[in-house]
Amino acid sequence: MGKLSDKEQEVLDFLLDFVNMEIFSIEQQERDLGRLDYSLCSDDDEKQTITTKKVQKFKKRISKCNPIIAGYLNALTTPDPLNTEFEELREIITKNFLFTEYYELFEELVNSDIKDLERYQFESVIESLGYDYKPLKDFVQGVCDVNSYFTYKSFLDIPNDSELNYDKVVKKLNDAFFKLEAFMSGTINDYKHFDFNTAFTELFYFTRKSENYNYENCKRVGQYWGLTEQIRVDYDKTNFDNVKAYNNKAFCHDCDVITSIAWDRIEEFNSFQTPDEVEEQTRKKSISDLMKPTTKSTEVVKVESKETESKIPSEENPYPRIFKDYYSYSVFKKLHTEFGNSKENLSNYSYVFYKMTYEGLIHYDLLHKTYIEMLSEFDISLDRLKPSAEIGKKALRDSVYAKVK
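Model, not experiment: these values are computed from the prediction.

(A) Just the packing of helix 16 (residues 345-358) against helix 17 (residues 368-376), in detail. It is the contact of helix 16 with helix 17, at a shortest axis distance of 12 Å, that shows an interaxial angle of 130°. The angle between helix 16 and helix 17 falls in the class oblique. Our pair here, helix 16 against helix 17, has a crossing hand that is right-handed. Residue-level contacts link Tyr 349, Val 352, Phe 353 and Tyr 354 of helix 16 to His 368, Tyr 371 and Leu 375 of helix 17.

This is the structure we're talking about:
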């Protein structure tokens, strides 16, 4: 197929967005299940056993996939001689799949108004036009299985380099982050791919060795997580000087991987938490924390009278396990006021979950179950969250969200 027209590109982007959102929804559910499984483990050996079983499960599912899909998944799992990055390769294979298996649908959509279809569930659109949705559903599930297989397998990989040690791993990571940040700031003009996933597998492996397992090194692991989280936010918000960095595929891929590491490997990071980090996260905060002396001013803030004290706003986040801070909770409260309690609760509050998580207002490692339990306290009864791609009315809900923020 030659160069696509503007309308053909619009339809292709529409189809790719749907596939990507379906993949995101399934992988989000897999993350939730993974975190739940790990939370029930008593030690690292049990986590290792669980991870091994997951690798075997996904390997088996891939081997037994729909024969129509097998060829596409084989292309995704076979080493590429051009060393194409996974995300780029996935997009190429997805395009090939759509053009091959759904070309007639593609041609029909080119002659339709895409905006008229956005308010419907995509599965309904496909079937209403007389096409079989199952091959696309199997393809999406197969891609998710491949990605999960590689992700969990990377957790088990042990470095083969006999010359590698803790100091070398830390230096590798430090140099890689330094170069990435320098490229973000525009200090350097070129960026080359670095395998962050393997580097973190090596870091966890060597830090856990008895000779390296100490307070300082465990603290360093936590600092690395903070760095991955900061890069995730900066990349998402374009909060860096070199905006042309988005044209560099290696940079974009590595930032996507760092985002995935911050989300998918949180249990591994948490296994290195130091006692003071645990205490800081779990202890209750008080206004007295803000009244303590600081290095700039040794004078304690004094409350002059009961009248003054009563004017201090009570801004307490009642759900610290769910919302990042009081502001995040206040955004949810405003959305609850706007959406209320209606027959569209499933779509409305699924949208709220995905949107606030994406905006960093809801903790990214929050289980769906915990969120749903919180909703019940607002008389919102849900038994599940709707996949993001099936929510619909995105423009309307985005306008409500923009208004309350």
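(B) Up close: the nonpolar core. Counting 40 residues, the largest nonpolar core has Leu 15, Phe 97, Ile 126, Leu 136 and Phe 139 as its most contacted members. Looking at this core, the elements with two or more residues in it are helix 1 (6-39), helix 2 (44-63), helix 3 (67-77), helix 4 (86-101), helix 5 (103-110), helix 6 (122-128) and helix 7 (134-156). Ignoring anything within four residues of it in the chain, the contact list for Phe 97 reads Ile 69, Tyr 72, Tyr 102, Pro 135, Leu 136 and Phe 139. Of all hydrophobic cores here, the second largest spans 33 residues; its members include Leu 203, Ile 258, Phe 269 and Phe 272.

(C) Local environment of the side chain of His 363. Within the secondary structure, His 363 is located in the loop between helix 16 and helix 17. Polar side-chain contacts of His 363 include one of 2.9 Å to the backbone oxygen of Pro 320. Not counting chain neighbours up to four residues away, the residues in contact with His 363 comprise Pro 320, Arg 321, Ile 322, Phe 323 and Lys 324.

(D) Here's a closer look at the environment of Ser 271. Examined against the element boundaries, Ser 271 turns out to sit in the loop between helix 12 (266-270) and helix 13 (275-282). A sequence separation of 67 residues divides Ser 271 from Phe 204, and the C-alpha atoms of the two residues are 9.5 Å apart.

(E) The pattern of salt bridges, seen in detail. One pass over the structure, following the stated rule, counts 11 salt bridges. With its nearest N and O atoms 3.2 Å apart, the salt bridge here joins Glu 338 to Lys 403. Of the two residues, Glu 338 is situated in helix 15 (residues 326-339) and Lys 403 in helix 18 (residues 394-404); the sequence distance between them amounts to 65 residues. A relative accessible area of 38% places Glu 338 in the partly exposed class. Across the pair Lys 369 and Glu 373 runs a salt bridge whose closest N-O atoms are separated by 2.7 Å. On the criterion of helical spacing, the pair formed by Lys 369 and Glu 373 is a turn pair, its members being four residues apart in helix 17. Here Lys 369 falls in the exposed class, since its relative accessible area comes to 56%. The exposure class of Glu 373 is partly exposed, given its relative accessible area of 41%.

(F) Spotlight on the environment of Ala 182. One can find Ala 182 in helix 8 (residues 166-185). Measuring from C-alpha to C-alpha, the distance between Ala 182 and Asn 242 comes to 9.3 Å, with 60 residues separating the pair along the chain. Beyond its immediate stretch of four places on either side in the chain, Ala 182 contacts Thr 187 and Ile 188.

(G) Geometry of the packing of aromatic side chains. The tally for this structure, following the rule as stated, stands at 36 aromatic pairs. Measuring from ring centre to ring centre gives 6.1 Å for Tyr 72 and Phe 139, while their planes differ by 90°; the resulting arrangement is edge-to-face. You can see Tyr 72 sitting in helix 3 and its partner Phe 139 sitting in helix 7, a full 67 residues away along the chain. We note that Tyr 72, like Phe 139, is buried. Joined through ring pairs, the aromatic side chains of Phe 177, Phe 194, Phe 196, Phe 200, Phe 204, Tyr 213, Tyr 224, Phe 269 and Phe 272 make up one cluster.

(H) Local environment of the packing of helix 3 against helix 7. Interaxial distance between helix 3 and helix 7 falls to 10 Å at its minimum, and their mutual angle equals 30°. One way to sum up the angle between helix 3 and helix 7 is to call them roughly parallel. Handedness of the helix 3/helix 7 crossing: right-handed. In this structure, helix 3 uses Ile 69, Tyr 72, Leu 73, Leu 76 and Thr 77 to contact helix 7, whose residues at the interface are Pro 135, Asp 138, Phe 139, Gly 142, Val 143, Val 146 and Phe 150.

(I) Quick look at helix 16. Between its first and last C-alpha, helix 16 extends 19 Å over 14 residues, near the 20 Å set by a 1.5 Å rise per residue. The element helix 16 is largely enclosed, with a buried count of 11 among its 14 residues. By the burial criterion, the buried members of helix 16 are Asn 345, Ser 347, Asn 348, Tyr 349, Ser 350, Tyr 351, Val 352, Phe 353, Tyr 354, Met 356 and Thr 357. Remark: Gly 360 follows helix 16 within two positions and exhibits a positive phi of approximately 80°.

(J) Representation of the side chain of Ser 350. Mapping Ser 350 onto the fold places it in helix 16. In contact with Ser 350, other than residues within four places in its own chain, are Asn 345, Leu 385, Lys 386 and Ile 391.

Reading the values: rules and limits
- Residues numbered from 1 in each chain as written.
- Predicted model: local features only at pLDDT ≥ 70, side-chain atom pairs only at ≥ 80, totals over all residues.
- Heavy atoms only, no water.
- Axes fitted to C-alpha atoms, helices over the stretch in contact; angles between N-to-C directions.
- Helix = DSSP H or I, 4+ residues; strand = E, 2+ residues; numbered from the N terminus.
- Parallel < 35°, antiparallel > 145°, perpendicular 65-115°, else oblique.
- Left-handed = near helix turned anticlockwise from the far one by under 90°.
- Contact = heavy atoms within 4.5 Å.
- Core = buried A, V, L, I, M, F, W, Y, C linked by side-chain atoms within 4.5 Å.
- Buried < 20%, exposed > 50% of the residue type's maximum accessible area, 1.4 Å probe, protein only.
- Polar contact = N/O pair within 3.5 Å; in protein donor to acceptor, adjacent residues only side chain to side chain.
- Salt bridge = Lys/Arg side-chain N within 4 Å of Asp/Glu carboxyl O.
- Phe/Tyr/Trp six-rings, centres within 6.5 Å; stacked < 30°, edge-to-face > 60°.
- Expected span 1.5 Å × (residues − 1).

Any link to function would need more than the numbers given here.
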